[in-house]
Amino acid sequence: MKILKFGGTSVSTPDRIKTVIDIVVDAQKSERIGVVFSAFGGVTDQLIQISQIAATGDDAYLRDLESLENKLIEFTKALISAKRQSKVFASVKSTFNELEDTLNGVYLVKELTARTLDFILSFGERLSAYILSEAMKEVGLETEYVDSREFIKTDETFGAARVNIEQSYRKIADFFRDRTAIQVITGFIGSTIKNETTTLGRSGSDYTASLIGAALMATSIDIWTDVDGIMTADPRVVPAAFSLNHITYEEAMEMSHFGTKVIHPSAMQPAFERNIPIRIRNTFNLEFEGTVISRNRANLEYLISGISSIEQISLLRVQGSGMIGVTGISSRLFTSLARANINIVLITQASSEHTICFAVAPEEAARAKEAIEREFALEIQAHQIDRVIVEKDLSIVAAVGENMRHTPGIAGRLFQILGKNDINVVAIAQGSSELNISAVIDKTDEARALNAIHSAFFKKESHAVNLFLVGTGRVGGALMKQMHEYIARPYERKKHDLNIMGIANSRKMLFDQAGIHQANWRERMDGEGESMTMEKYVNTMRKLNLSNCVLVDCTASDEVANWYKAILESGISVVAANKKANSGAYHDYLELKDLASSNEVLYLYETNVCAGLPVIQTIQDLVHVGDHVQKIEAVVSGTLSYIFNTFSGDRAFSDIVLEAQTKGYTEPDPRNDLDGMDMVRKLLILARESGLPLEMEQVANNNFLPPECLEVETVDQFFAELINLDPEMKAKQEAATRKGKRLMYIASLENNHAEISLKAIDETHPFYLLTGNDNIIALTTRFYDETPMVIQGPGAGPEVTAAGVFTDVLQVATHIKTIKEGES
């Protein structure tokens, strides 16, 4: 026999329930099964909220109760055929009447005891199991609804009752004997010897399934949930985490104790005692075969099996010279905590017996301190023991694994990783089982610690590239679209695993360690994003401490460019469409390249000059093999290319500029294109890539616009002034035409002289046939002396620029993969 258990998320909608029924149909074909259900998704929380409202004396609980009833009626309509609905409706209505009577009592006395709340919460499981039992009959399954209170017997600890194992096993065996129908069982609930309703606490439905499976000596217990089994770490914090195929009971218990939420230790205990394997399956990913939890496993591929953490703990320190050599101190300490019902998460003691440290939940820290100081009041008064010190805002990270047993150096390696990442360890604990090494650290270091440990111990997944984008305008938006399309491809069709971990514009920034892959990323940033500053953005990248990070700058911001040095120093690659950094001081330009090299990361900026055209990489390759650039001529402004390719003298020059603005070829203020500074920056970058140590002021900008056009305040005033230039531009064009030439605004570099100027070129010039808004560059080098190398194509536009940026990103990914494969 096999026991299947389905959690609330698996049965949160009628469509999901239909998937669950399909799973049950397949499972019962091969062997006898029993099925345990939690309450429908969200119902338990709704019942708690309704109960709390009723306890305040507010009759608004009736409205919420009616809403819940309507929800379950809709579920019934969706799952049960019309001819059978009336019977099911009657039963559901009768159950809700009983629930309403109970809540009315809470409302009248304005009191909600733990006993009453347990009874109210039982309605969630009772309703779901009953409706689901009836829904399964719709597909021809023979089912019986079972209330687990009949055989799960507990004490009277309401809210987290302790099970009478021997009595429950006997009743379960008696109940299931000779039954042939599929038993559809309520999870989470039990009853006392007086038949009072109790609940089993956290993961109570898993516990129900495990108890039934153990009592019946089931072949396996399948826990169906909403995640791909037990993972090496929490994927919301560690994007590189992956699912484990197999894990032992002890490993699973250790990981669960330290934060893994998939299954609770108490839910595993019955299966562990009877050696019944538990399989964790994902209702939403049926292709995933699941994580098997059993007594032993043969495949120990990694030194550790997983990393868990507890996000918030407080550490209490008891110390004093009066503790040394005194018997009974530990006994008194922990007895006082037990009397106060304090749950201890971790204990560590110095060998000198001078200090005992232990971790508790933050909400229990004050009570724990009070209990200890009451117990040792005389010793504290005599200064034999100090007052209890409480350290707050701490986390525990724990490395767990069977392979840690008797493997030397694991602890040393773990703490070396933390030290290398500047993470201070406040306390350390290691169990005698050698299955677990735990470290207490500052809460702000938790994500960084988990990612650093995971990267070091699980090399398999370390090729993933984590991207942080700044600038979500036209280029950044196009890049997000291209990256999402790439990420969505089947794995075998792409070479690299990319995660978009952070995005930002000038106002908001959003981080998501599970990856920002949704189509509604703009809405998410507006709704969930926090206020943006580059300092906060960079600090968050550093704190995450993810491996293989890349900052992608799709802005034209000086502020963003000013952070490149700090980012490269942090071991993060930079891909920049922003040309401000490379066109600043020559010393800074060199420093950025040196920082990238010394920190073994990449600094790429192909789109600084001609969007997606391979210009910078080509020059770098030529210089690298010993070529020497003798001359560069270039049209590196799509805007100016379009204007002069369109201007023939038959239309006013100002009209063509206005047309370019209307088509979106210019910046909102066309002067940002026509003043020549954009081309100056691009030529300066080309010169530096060619090996010339030029500064900005050494590039002559022979701009054709008069000062009157550049100095006005508004764009409208600019166009009014530009009309005055029309006669002069017409005359220049006509003069060029008479000589068989055409006007072109060209950047040129020759004999260490760099300038931007309006030139008349004839048909022998490689730029003469340029059309549209294409960019073009002619390189004359020692190798390309007689005929220059010409590179031509679209040099502007969000799509092609984004494609160029993406190419740089993939180049970084290839670089990372090559290094990682070399290390392994």
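Residues numbered from 1 in each chain as written. Predicted model: local features only at pLDDT ≥ 70, side-chain atom pairs only at ≥ 80, totals over all residues. Heavy atoms only, no water.

This part is about the overall build of the protein. Check the secondary structure of the protein and you find 30 helices and 29 strands. Referenced to the eigenvectors of the C-alpha coordinate spread, the extents of the protein come out at roughly 110 × 80 × 55 Å. Here the protein holds 824 residues, and 54% of them are scored as buried. Across the protein, contacts joining residues at least 24 apart in sequence account for 72% of those joining residues at least 6 apart. Carbon and sulfur atoms provide 48% of the accessible area of the protein, an area that totals close to 35800 Å². Side-chain charges in the protein split into 82 positive and 110 negative, and the spacing between the mean points of these groups amounts to 5 Å. (Helix = DSSP H or I, 4+ residues; strand = E, 2+ residues; numbered from the N terminus. Buried < 20%, exposed > 50% of the residue type's maximum accessible area, 1.4 Å probe, protein only. Contact = heavy atoms within 4.5 Å. Areas by Shrake-Rupley, 256 points an atom, 1.4 Å probe, with all protein chains shown as cover. Lys, Arg positive; Asp, Glu negative; His and termini not counted. Charge placed at Lys NZ, Arg CZ, Asp CG, Glu CD.)

So, about the packing of aromatic side chains. Going through the model one piece at a time under the given rule, you end up with 28 aromatic pairs. Ring geometry for Tyr642 and Tyr665: centres 4.7 Å apart, planes at 65 degrees, overall edge-to-face. Of this pair, Tyr642 sits in helix 23 (residues 638–646) while Tyr665 sits in the loop between helix 24 (653–662) and helix 25 (671–674), and the two are 23 residues apart along the sequence. Classification of Tyr642 by relative accessible area gives buried; the value is 8%. Ring centres 6.4 Å apart and planes at 25 degrees place the aromatic pair Phe644 and Tyr745 in the stacked group. One end of the pair, Phe644, is in helix 23; the other, Tyr745, is in strand 26 (residues 742–750), and 101 residues separate them in sequence. By relative accessible area, which is 2% here, Phe644 ends up buried. Cluster of aromatic residues (ring-pair linked, three or more members): Phe644, Phe647, Phe653, Phe704 and Tyr745. Sitting over the ring of Phe123, Arg126 keeps its end group 4.1 Å from the ring centre. A cation over an aromatic ring shows up here: Arg179 above the ring of Phe175, its NZ or CZ 3.8 Å from the ring centre. (Phe/Tyr/Trp six-rings, centres within 6.5 Å; stacked < 30°, edge-to-face > 60°. Lys NZ or Arg CZ within 6 Å of the ring centre and 35° of its normal.)

Let us look at the pattern of salt bridges. Any two side chains of opposite charge can pair, so long as their charged atoms come close to each other. Within this structure, the stated rule accounts for 46 salt bridges. Glu734 serves as the salt-bridge partner of Lys730, at 3.3 Å between the closest nitrogen and oxygen. Linking Lys730 with Glu734, this pair stays in helix 29 (residues 726–738), spanning four residues, or about one helical turn. Among the charged side chains, a salt-bridge network with shared partners connects Arg84, Lys87, Glu134, Lys137 and Glu138. (Salt bridge = Lys/Arg side-chain N within 4 Å of Asp/Glu carboxyl O.)

It is worth spelling out the environment of Leu749 at this point. Among the secondary structure elements, Leu749 is positioned in strand 26. If we ignore the near neighbours within four places in the chain, the residues touching Leu749 are Gln630, Lys631, Ile632, Leu683, Ala687, Leu692, Leu694 and Ala754.

As a further point, take helix 28 (residues 715–722). Every buried residue of helix 28 is listed here: Phe718, Phe719 and Leu722. Within helix 28, the buried residues cover an arc of 95 degrees as seen down the axis, which keeps them to one side. On its buried side, helix 28 packs onto helix 24, helix 25, helix 27 (707–711) and helix 29. (Arc of directions from axis to C-beta.)

Let us now look at the packing of helix 24 against helix 28. Between helix 24 and helix 28, the least distance of the axes is 9 Å, while the angle of their chain directions is 150 degrees. By the angle class used here, helix 24 and helix 28 are roughly antiparallel. Contact residues: helix 24 offers Phe653, Ser654, Val657, Leu658 and Gln661, while helix 28 offers Val715, Phe718, Phe719 and Leu722. Of the residues contributing to the contact of helix 24 with helix 28, the split by class is seven nonpolar, two polar and no charged. (Axes fitted to C-alpha atoms, helices over the stretch in contact; angles between N-to-C directions. Parallel < 35°, antiparallel > 145°, perpendicular 65-115°, else oblique. Nonpolar A, V, L, I, M, F, W, Y, C, P; charged D, E, K, R; others polar.)

What follows is about the side chain of Lys2. With respect to the secondary-structure elements, Lys2 resides in strand 1 (residues 2–6). We classify Lys2 as buried; its relative accessible area is 17%. Sequence-distant contacts of Lys2, that is, excluding residues within four places in its chain, are made with Glu31, Arg32, Ile33, Gly34, Ala218, Thr219, Ser220 and Asp222.

Moving on to unusual backbone geometry. Despite not being glycine, Asp393 has its phi angle at roughly 55 degrees, a positive value. Here Asp393 lies in strand 14 (residues 389–400). Given the relative accessible area of 48%, Asp393 is considered partly exposed. Phi angles above zero are rare outside glycine, and Asn752 is one such case at about 65 degrees. In this structure, Asn752 sits in the loop between strand 26 and strand 27 (753–761). Here Asn752 falls in the exposed class, since its relative accessible area comes to 56%.

Structurally, the position occupied by Thr607 is in helix 21 (residues 607–610). The spatial distance from the C-alpha of Thr607 to the C-alpha of Ala161 is 65 Å, given a sequence separation of 446 residues. Here Thr607 is in contact with Ala576, Ala577, Gly612, Thr801, Gly804, Val805 and Asp808, once residues within four sequence places are set aside.

The alternating pattern of strand 12 (residues 346–349) places Leu346 and Thr348 on a buried face and Ile347 and Gln349 on a face that is not buried. Here strand 12 runs beside strand 13 (residues 355–360); their pairing, made up of four bridges, is antiparallel. What sits directly across from Thr348, in strand 13, is Cys357. (Pairing = 2+ DSSP bridges.)

Attention now moves to the side chain of Asp512. Examined against the element boundaries, Asp512 turns out to sit in the loop between strand 19 (508–511) and helix 16 (521–528). For Asp512, the side chain forms a polar contact with the side chain of Arg524, separated by 3.0 Å. (Polar contact = N/O pair within 3.5 Å; in protein donor to acceptor, adjacent residues only side chain to side chain.)

What follows deals with a nonpolar patch on the surface. There is a patch of nonpolar side chains on the surface, built from Val625, Phe783 and Tyr784 and spanning about 290 Å² of accessible area. Taking relative accessible area as the criterion, Val625 reaches 56% and is therefore assigned exposed. (Patch = residues over 30% accessible without salt bridge, like charges linked within 9 Å, V, L, I, M, F, W, Y side chains within 5 Å.)

Let's shift gears to helix 1 (residues 14–27). Here helix 1 contains 14 residues, and its C-alpha end-to-end distance of 20 Å stays within 8% of the 20 Å for a straight helix at 1.5 Å per residue. Among the residues making up helix 1, those that are buried are Pro14, Ile17, Val20, Ile21, Ile23, Val24 and Ala27. Projection of helix 1 onto a plane perpendicular to its axis shows the buried side chains occupying an angular sector of 160 degrees, all on one side. On the buried face of helix 1, the contacting elements are strand 1, strand 2 (33–37), helix 3 (61–79), helix 5 (114–137), strand 4 (182–186) and strand 7 (220–225). (Expected span 1.5 Å × (residues − 1).)

Turning our eyes to something else, we now look at the confidence of the model for the protein. Looking at the protein as a whole, its pLDDT mean stands at 91, while 97% of the residues score no less than 70. When pLDDT is averaged over each helix and strand of the protein, the minimum, 84, is found for strand 12 and the maximum, 98, for strand 4. (pLDDT = per-residue confidence, 0-100.)

It is worth spelling out the nonpolar core at this point. Of all hydrophobic cores here, the largest spans 111 residues; its most connected members are Phe468, Tyr537, Tyr564, Tyr603, Phe704 and Ile777. What Ile777 contacts, discounting residues up to four positions off in sequence, is Val609, Cys610, Val615, Ile632, Glu633, Ala634, Val636, Leu686, Phe767, Met789, Val790 and Ile791. One finds Ile23, Ile33, Leu47 and Ala129 within the second-largest nonpolar core, a separate group that totals 51 residues. (Core = buried A, V, L, I, M, F, W, Y, C linked by side-chain atoms within 4.5 Å.)

Quick look at the packing of helix 6 (residues 165–176) against helix 7 (residues 204–215) now. Two numbers describe how helix 6 lies on helix 7: the axes approach to 9 Å, and their chain directions differ by 70 degrees. In terms of orientation, helix 6 and helix 7 fall into the roughly perpendicular class. Between helix 6, through Ile165, Tyr169, Ile172 and Phe176, and helix 7, the contact on the second element is made entirely by Tyr207, Leu211, Ile212, Ala214 and Ala215. Classifying every residue of the contact of helix 6 with helix 7 gives nine nonpolar, no polar and no charged.

Okay, the sheet that holds strand 15 (residues 425–430) next. Read across the sheet, six strands follow the order 12-13-11-14-16-15 without closing on themselves; strand pairing throughout is antiparallel. Each edge of the sheet is formed by a strand with only one pairing partner; in this case those strands are strand 12 and strand 15. If you compare each strand with its neighbour and ignore which way they point, the axes differ by 30 degrees on average. With seven bridges connecting them, strand 14 and strand 16 (residues 436–442) associate as antiparallel partners. The partner of Leu394 across the bridge, within strand 16, is Asp442. Relative to the sheet, helix 11 (residues 365–375) contacts strand 11 (306–319), strand 13 and strand 14, its axis offset from that of strand 11 by approximately 35 degrees.

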